[in-house]
Each structure stands twice: as C-alpha cells, then as structure tokens.
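Topology and contacts: notes
Residues per chain are reported as follows:
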Amino acid sequence: MKNLINILDLSVEEIDRLIAVADDIMLSPDRYNEACRHKILATLFFEPSTRTRLSFESAMLSLGGNVLGFSEAASSSAVKGESIADTIEVVSGYADIIAMRHPKEGAPIVASDHTTVPIINAGDGGHYHPTQTLTDLMTIHHEMGRFDNLTVGMCGDLKFGRTVHSLIGALSRYTGIKFVLISPEELKLPSFVKQKYIKNKGIEYKQSTSLDEVIGDLDILYMTRVQKERFFNEEEYLRLKDSYILTEDKLSMAKSNMCIMHPLPRVNEISTAVDRDPRACYFKQAHYGKFIRMALILKLLEVEI
Ligand code: NCD
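Notes on the packing of helix α1 (residues 12–27) against helix α11 (residues 282–300)
Across the interface, α1 lies against α11 with an axial gap of 8 Å and an inter-helix angle of 115°. Helix-helix and strand crossings are classified by hand; for α1 and α11 the assignment is right-handed. Between α1 and α11, the residues in contact are E14, L18, I19, V21, A22, I25 and M26 and H287, Y288, F291, I292, M294, A295, L296, L298 and K299, respectively. Looking at side-chain class alone, the contact of α1 with α11 contains 13 nonpolar, 1 polar and 2 charged residues.

This is the structure we're talking about:
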C-alpha cells in the first residue's frame, strides 16, 4: 500500500499493527527518533487545520525527519490557478511523503495519479478523513479494549462530517457493531456512506433527532461540530449550529463507562464542564494522533525498526 486515501485502503490487520507500533512509540520514543533521518514530509493544507497538520509535523520531527509545506491555499500557487496535479507533480520531487488537505472531495485521488511518493489524505471536503479515523480507532482500542460488539452513537453534522464517514467505514468491518445516527433532518448521514457501509452490510442502525432518547444505549458517543464552512447559507448554519450540546445533566442518563469522543475543534457541542468527567476522551484522542501518524509514516516509507 502506497497511499492512504480511504481508511479501507488499510486492512483490519494493518490497522492493528499500526496501533501496536504507535503504542510502542509511546512507550519507547527514543528507539524511533532517528528512524526518518534525511526524510522530508510535505504538508499541503489548502484548508485550515490545527491538530492534523501539527501532529503530522510533530510526528515527522520526532522521527528525526524534516517538514516543509503550507498551511493555507492563499500562500500557495493555488491562488494563481495552479492545478492539484501540477502542484503534486512538483512537490513529489521535493519531499519523500505528502500529507494533503483539500476542500474538494476526491482531490487526493487526483493527487495519487500525479505523485511518485506516498500521498496521505488529511481530509477532502465533506468526504473522508482516514488519519482521524486511525486516531479514533486507537482511542477506542485504549478505552474500550475491543472493536466488536459496540453501540456507537454519531451525533451532530453527519452530512458534512468527514470524520464520521471514515469512522463508520472502518467500524463496519467489525462484528456486532450497531450505529445510532443522531442528527437534525437537514444533517443526516449521506446515502454514499449509509448505503455502502451500513445497509449493504446489513449492520443494525437507528436514526434519531434526539440525543436524550438514545444516550443511555451507547458505549461510545462521537460528538461533532456543525461544519460551518460547508454551508451555502449562513442562516441555515446559525439555525442548526447548536442542535446538540452535551452537558453534565445529559450525561447522567449515559452508561458509567461510555466513552465520549470528538475529533475537535469543539465549538459549543460539549460543555467545558464535561471535560472533568472521566468519560471525556477527546483530549486523549487528540494526543494519540501524533503517535498513530508516526506509525503511518513509518509504514508508508517502509522503515523497519
Ligand atoms: C476535523 C476535520 O478537519 O474534519 N478536525 C480534525 O481533523 N481533527 C473535524 C472538524 O473540523 O470538525
């Protein structure tokens, strides 16, 4: 496997292996700190990012490698009208591996046709975000100890939330998974995800507009931000943005070992008082992002430790 465009580019065994390597890096970081000496990671971010870009850069620096790139389209030749194909053609001559985020769905597939080095999809529009899913899976592995037989609630913007789409795809490969899809009517899970990963696989699911009604059933609650940047209409965003707010009150109806996840950034979906609840896993989740990305870089560059 050369690129990571969709989480299903990795088998479940490869994901287990990445998590095992990430765990080992957390335990013994010194063993890895020269692993990518003289290697260069390019981070091409045509859309804003904090965690994904910085964790990729921190990952490569901690492997002894170097990083270059840009953090907004405005500082690249995209503003002059350069195509993705041309940008990638050129950057693959400057770097050994590329992590790219782009507002257009499918942009990483175009990139993968024009590269000589591995391409990692760091988020393409409202489509997919496979490295967030690796972070999410590592969190589930640590917090729940298994991927099978989990009831997973996805709450918020299921329409534009690319982290939700990729995580559903990944979890659909385990047995005994049940999905509870919690969103306003306007932000329901799109059929390209629902059909392919839930219905065609005969996975049990329930849809609800009410978090209160279903919170008690969940092993995992995956909260998401309403994706402002994907709305055509500001009024519609303002009407929907606070559809769900997780508070301490609501949590009193949840299981005592439910795991609360969020890819972050949080806007208003989780009250800050919830941060003190032992079920809050979202900051740990962000922390794992660096180590699982280190493991991914090692795999794609075929570095053996
Ligand atoms: C997510 C994204 O970019 O899709 N952020 C992230 O990478 N952790 C979620 C979001 O922006 O809401």
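Some thoughts on the sheet that holds strand β8 (residues 220–223)
One open sheet holds the 5 strands; their spatial order is β7-β6-β5-β8-β9, and the pairing between them is parallel. For this open sheet the edge positions go to β7 (204–208) and β9 (259–261), each flanked by a neighbour on one side alone. The sheet shows a mean angle of 15° between the axes of neighbouring strands, direction not considered. Inspection of the sheet shows strand β5 (residues 151–155) paired to strand β6 (residues 178–182) by 5 bridges, in the parallel sense. From the neighbouring strand, M154 faces β6, where its bridge partner is L181. The sheet contacts of helix α7 (residues 191–199) involve β6 and β7, and relative to β7 the element is tilted by about 145°.

A closer look at helix α3 (residues 84–91)
Among all positions of α3, only I84, A85, T87, I88 and V91 are buried. Taken around the axis of α3, the buried residues stretch over an arc of 165°, which confines them to a single face. Tucked inside the fold, the buried residues of α3 contact β1 (40–45), β3 (97–102), α4 (107–112) and β4 (119–124).

Things to note about the pairing of β1
Within β1, 5 of the 6 residues are buried, which leaves it mostly tucked inside the rest of the structure. Note: β1 against strand β2 (residues 66–70), 5 bridges, orientation parallel. Paired with L41 across the bridge in β2 is V67. For the crossover that starts at β1, traverses helix α2 (residues 51–62) and ends in the parallel β2, the hand is right-handed.

A look at the sheet that holds β1
Across the sheet, 4 strands lie side by side as β2-β1-β3-β4; this open sheet has parallel pairing. The sheet is open, and its two edges are formed by β2 and β4, each paired on a single side. Across this sheet, the average inter-strand angle for adjacent strands is 15°, counted without regard to direction. With 4 bridges connecting them, β3 and β4 associate as parallel partners. Bridge assignment links H102 to a residue of β4, and that residue is D124. The sheet contacts of α2 involve β1, β2, β3 and β4, and relative to β1 the element is tilted by about 175°.

Some words on a nonpolar patch on the surface
A contiguous nonpolar surface patch, about 280 Å² in accessible area, is contributed by L68, V90 and Y94. Within the secondary structure, Y94 sits in the loop between α3 and β3.

So, the site of the ligand
Near the ligand, the surroundings consist of T52, R101, H129, Q132, R162, T163, R225, Q227, P263, L264 and P265. Between R101 and the ligand, the recorded distance is 3.1 Å, taken from a side-chain N or O atom to an oxygen atom. In the complex, 94% of the free accessible area of the ligand, which totals 320 Å², lies under the protein chains. When its residues are assigned to classes, the shell around the ligand shows 3 nonpolar, 5 polar and 3 charged.

The rules behind each value
- Residues numbered from 1 in each chain as written.
- Predicted model: local features only at pLDDT ≥ 70, side-chain atom pairs only at ≥ 80, totals over all residues.
- Heavy atoms only, no water.
- Axes fitted to C-alpha atoms, helices over the stretch in contact; angles between N-to-C directions.
- Helix = DSSP H or I, 4+ residues; strand = E, 2+ residues; numbered from the N terminus.
- Left-handed = near helix turned anticlockwise from the far one by under 90°.
- Contact = heavy atoms within 4.5 Å.
- Nonpolar A, V, L, I, M, F, W, Y, C, P; charged D, E, K, R; others polar.
- Pairing = 2+ DSSP bridges.
- Buried < 20%, exposed > 50% of the residue type's maximum accessible area, 1.4 Å probe, protein only.
- Arc of directions from axis to C-beta.
- Right-handed = clockwise from strand over helix to strand, strands pointing away.
- Patch = residues over 30% accessible without salt bridge, like charges linked within 9 Å, V, L, I, M, F, W, Y side chains within 5 Å.
- Areas by Shrake-Rupley, 256 points an atom, 1.4 Å probe, with all protein chains shown as cover.
- Salt bridge = Lys/Arg side-chain N within 4 Å of Asp/Glu carboxyl O.
- Near = heavy atom within 4 Å.
- Polar contact = N/O pair within 3.5 Å; in protein donor to acceptor, adjacent residues only side chain to side chain.

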